[in-house]
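Given next are the chains, with one letter for each unit.
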Amino acid sequence: MIIERSPKWPKGILGLVESKLTEQYQVPTLIGKHGKDYTVASARSLPGYNVVEGMRRTAELLTNFGGHAYAAGLTVENRHYEKVVKH
């Protein structure tokens with residue numbers, strides 16, 4: 001899985017970037033915008049890994065999440081980010 005975030009990336013390009021990375025490398029991808037207090041991220045997946053089910057495993061740490069098996073988004077407080085991405 002590719003997991004990256006940056007304070008420099010505009011939220012509007014996250015979906016485009018992770019979609020291209022998932023297509024090119026054939027692995028699930030989570031790309032995020034690291035803000036002052038929160039990270040907003042977009043995820044893409046492939047058959048065999050349901051990104052929403054993955055997010056549900058850490059739902060108590062997420063501010064918001066949703067989507068479907070192959071594309072989803074989430075918002076997480078930065079203090080919980082490392083715990084979420086390690087799942």
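Our subject is the structure that appears above.
These lines cover the structure that appears in this document, whether it is placed above or below. Quick caveat: nothing in here was measured; it's all calculated off a predicted structure.

## Things to note about helix α3 (residues 78-85)
Here comes step 1: Within α3, burial applies to Asn-78, His-80, Tyr-81, Val-84 and Val-85. Along α3, the residues classed as buried sweep out an arc of 135° about the axis, all on the same side.
Here comes step 2: Contact partners of the buried residues in α3: β1 (2-6), β2 (29-34), β3 (38-44), β4 (62-68) and β5 (71-77).

## Describing the sheet that holds β5
Here comes step 1: The strand order across the open sheet built from 5 strands is β1-β2-β3-β5-β4, with neighbouring strands paired in mixed fashion. Strands at the two margins of the open sheet, each flanked by one partner only, are β1 and β4. The mean angle between the axes of side-by-side strands here comes to 15°, regardless of whether they run parallel or antiparallel.
Here comes step 2: Pairing of β1 with β2 involves 5 bridges; the strand directions are parallel. Residue pairing in the sheet places Ser-6 in a bridge with Lys-33 of β2.
Here comes step 3: Taken strand by strand, helix α1 (residues 14-25) contacts β1, β2 and β3, and its axis lies near 40° from that of β3.
Here comes step 4: The sheet strands contacting α3 are β1, β2, β3, β4 and β5, and the helix crosses β5 at an angle near 135°.

Quick notes on the rules
Residues numbered from 1 in each chain as written. Predicted model: local features only at pLDDT ≥ 70, side-chain atom pairs only at ≥ 80, totals over all residues. Heavy atoms only, no water. Buried < 20%, exposed > 50% of the residue type's maximum accessible area, 1.4 Å probe, protein only. Helix = DSSP H or I, 4+ residues; strand = E, 2+ residues; numbered from the N terminus. Arc of directions from axis to C-beta. Contact = heavy atoms within 4.5 Å. Pairing = 2+ DSSP bridges. Axes fitted to C-alpha atoms, helices over the stretch in contact; angles between N-to-C directions.

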